[in-house]
Amino acid sequence: MAGTPAAWSNWAGNQRSIAALVARPRTVDEVVEAVRAAADAGQPIRAVGSGHSFTGAALTDGHRLDLADLDTGVTVDTARRLVTVPAGMTLRALNDLLAVHRLALPNLGDIDAQTVAGALSTGTHGTGARLGCLSTFVTGLTLVTGTGEVLRCSADEHRDVFAAARVGLGAVGVLVEVTLRCVDAFVLRAHERPAALSTVLADLPSLAGEHDHVEFYWFPYTARVQVKTNDRVPADDRPLPRWRGWLDDEFLANTVFAGACRVGRAVPALVPGISAVAARALTERVYTGRSDRVFCTPRRVRFVEMEYALPRATLPAALDELRRIVDRLPFKVLFPVEVRFTAADDIWLSHGYGRDSAYLAIHQYVGMPFEPYFRAFEEVAAELGGRPHWGKLHYRDAASLAPAYPKFRDFLAVRDRLDPDRRFSNPYLERVFGP
């Protein structure tokens with residue numbers, strides 16, 4: 001179960017650590033054993049997933065817990081549309097499992113490489129004005145606490161732990177098993193089109209209200225966006241030809257875009273022109289497909305990211321300020337800005353707790369400066385009541401986060417009870433939750 005010290009880095013390469021020991025448990029009992037072994041050694045222990053977060057949440061120089069081999073069994077209740085899976089399963093594997101049983105998750109983000117535990121713990125979300133983050137689909141979970149206790153939680157059992165652990169950053173326990181509410185498998189009709197930013201903002205209320213899922217990408221140094229709407233349809237009658245999928249999603253969005261980013265990094269003066277060409281190069285397309293295959297797309301160009309959940313009404317003001325920030329920066333921004341939407345929920349540390357949200361995500365190509373850009377945007381977002389995505393870069397601490405989350409102190413109380421010795425802590429958690 002235990003291995004020798006090993007280096008680890010996240011997908012973007014901006015977070016790295018070397019653990020003193022790596023545990024790869026296969027059973028819940030072995031997870032308990034690993035947590036108690038860390039306690040006996042006086043070491044912290046952190047679980048890692050697939051590394052698709054940009055923060056230091058998974059870093060540790062103590063014991064690392066790799067849940068890839070954890071096998072708690074799989075239960076699919078098709079009549080009740082519930083699935084119970086190991087928390088270390090990836091979303092991609094979960095989507096394929098559900099498809100076999102003609103089920104699906106109601107919504108997904110645009111990447112499916114994350115583990116179930118990692119996606120839930122950081123508040124991963126897709127877009128849909130009437131849908132919350134992925135954690136809102138959780139009906140039950142099992143976790144191992146900092147004292148080695150195994151807790152099974154739901155809305156009826158250990159309700160406060162359930163409210164805390166669905167988006168818990170791994171601070172209240174190690175998620176080992178999760179039960180998710182599903183829906184019948186469905187087909188999406190995707191419509192992608194270029195548009196003027198001003199037109200999209202003017203039509204935003206109707207756009208978000210008339211479609212199941214809406215997102216758009218603004219291209220810096222232009223007034224152009226790419227809009228994508230996804231709506232449920234009864235039949236997969238307009239599949240994307242294989243050649244078109246390869247051309248758009250692999251060649252243009254990855255190979256060509258990666259080349260453009262490298263050129264822009266080498267010759268920054270070319271970036272506004274590159275952005276303008278990219279905004280015009282993306283043409284309109286309409287296609288249908290299995291829901292998860294429409295939601296999720298390959299992301300092979302490396303970047304770092306910050307994302308803020310904002311009160312939905314503040315989005316136009318945030319975008320106005322962001323455009324000014326981009327124009328004033330002493331360096332260029334190579335990546336488009338992504339805008340998505342979610343509905344309010346009741347999960348204590350969810351970015352959408354108690355309010356409908358607009359998510360605004362900013363990115364920068366690896367190897368390019370980003371901190372002045374991210375800090376300037378964060379200042380604007382914080383003033384507008386924004387909450388940082390737990391899996392994306394931010395500079396907030398416990399003092400500034402506590403007023404943003406009405407249940408922040410309730411979360412800390414659960415953490416104090418379940419991990420009194422801070423077995424799951426690390427520098428990132430000390431910053432966002434206090435020492």
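What this report covers is the structure whose coordinates are included nearby. A quick note: this is a predicted structure, and the numbers were derived from the prediction, not measured. (Residues numbered from 1 in each chain as written. Predicted model: local features only at pLDDT ≥ 70, side-chain atom pairs only at ≥ 80, totals over all residues. Heavy atoms only, no water.)

### Considerations on the overall build of the protein chain
Right, so step 1: Of the regular secondary structure elements, the protein chain holds 14 helices and 21 strands.
Right, so step 2: Taken against the 2.2 N^0.38 rule, which gives 22 Å for 435 residues, the C-alpha radius of gyration of the protein chain at 21 Å falls within 12% of a compact globule.
Right, so step 3: Seen through its C-alpha atoms, the protein chain measures out along the principal axes to roughly 60 × 50 × 40 Å.
Right, so step 4: Taken over 435 residues, the protein chain has a buried fraction of 57%.
Right, so step 5: Sequence-distant contacts in the protein chain: of pairs separated by 6 or more residues, those separated by 24 or more amount to 74%.
Right, so step 6: For the protein chain, the accessible surface area stands at approximately 17,700 Å², while carbon and sulfur atoms represent 52% of it.
Right, so step 7: Each charge class in the protein chain can be summarised by its mean position, and for the 50 positive and 50 negative side chains these summaries are 4 Å apart. (Helix = DSSP H or I, 4+ residues; strand = E, 2+ residues; numbered from the N terminus. Rg over C-alpha atoms; globule rule 2.2 N^0.38 Å. Buried < 20%, exposed > 50% of the residue type's maximum accessible area, 1.4 Å probe, protein only. Contact = heavy atoms within 4.5 Å. Areas by Shrake-Rupley, 256 points an atom, 1.4 Å probe, with all protein chains shown as cover. Lys, Arg positive; Asp, Glu negative; His and termini not counted. Charge placed at Lys NZ, Arg CZ, Asp CG, Glu CD.)

### Section: the pairing of strand β3 (residues 16-19)
Right, so step 1: By the alternation rule, side chains of β3 split into Ser-17 and Ala-19, which are all buried, and Arg-16 and Ile-18, of which none is buried.
Right, so step 2: Where strand β2 (residues 6-9) and β3 come together, four bridges link them in antiparallel fashion. Note on β3: the bridge partner recorded for Ala-6 is Ala-19.
Right, so step 3: Counted between consecutive antiparallel strands, the loop separating β2 from β3 contains six residues, among which Gly-13 sits at a positive phi close to 80 degrees. (Pairing = 2+ DSSP bridges.)

### Describing the packing of aromatic side chains
Right, so step 1: Considering all chains together, one arrives at 13 aromatic pairs under this definition.
Right, so step 2: Within the aromatic cluster, the residues linked to one another by ring pairs are Trp-11, Phe-54, Phe-257, Phe-303 and Phe-335.
Right, so step 3: Looking at Arg-166, its charged tip hangs above the ring of Phe-162, at a distance of 4.1 Å from the centre.
Right, so step 4: A cation over a ring is seen here: Arg-375 above Tyr-395, with NZ or CZ 3.9 Å from the ring centre. (Phe/Tyr/Trp six-rings, centres within 6.5 Å; stacked < 30°, edge-to-face > 60°. Lys NZ or Arg CZ within 6 Å of the ring centre and 35° of its normal.)

### What about the sheet that holds strand β21 (residues 387-388)?
Right, so step 1: Pairing is antiparallel in the open sheet, where eight strands are placed in the order β17-β14-β16-β15-β19-β20-β18-β21. Strand pairing shows two members of the sheet lacking a second neighbour, β17 (285-290) and β21, which therefore form its edges.
Right, so step 2: Across 10 bridges, strand β14 (residues 187-196) lies against strand β16 (residues 224-233) in antiparallel orientation. Bridge assignment links Arg-193 to a residue of β16, and that residue is Val-227.
Right, so step 3: Its contacts with the sheet put helix α10 (residues 315-328) on β15 (213-218), β18 (303-311), β19 (337-342) and β20 (357-365), and the angle it makes with β20 is roughly 15 degrees.
Right, so step 4: Lying on the sheet, helix α11 (residues 371-383) is in contact with β18, β19 and β20; it crosses β18 at an angle near 10 degrees. (Axes fitted to C-alpha atoms, helices over the stretch in contact; angles between N-to-C directions.)

Function cannot be read off these values alone, since they describe shape.
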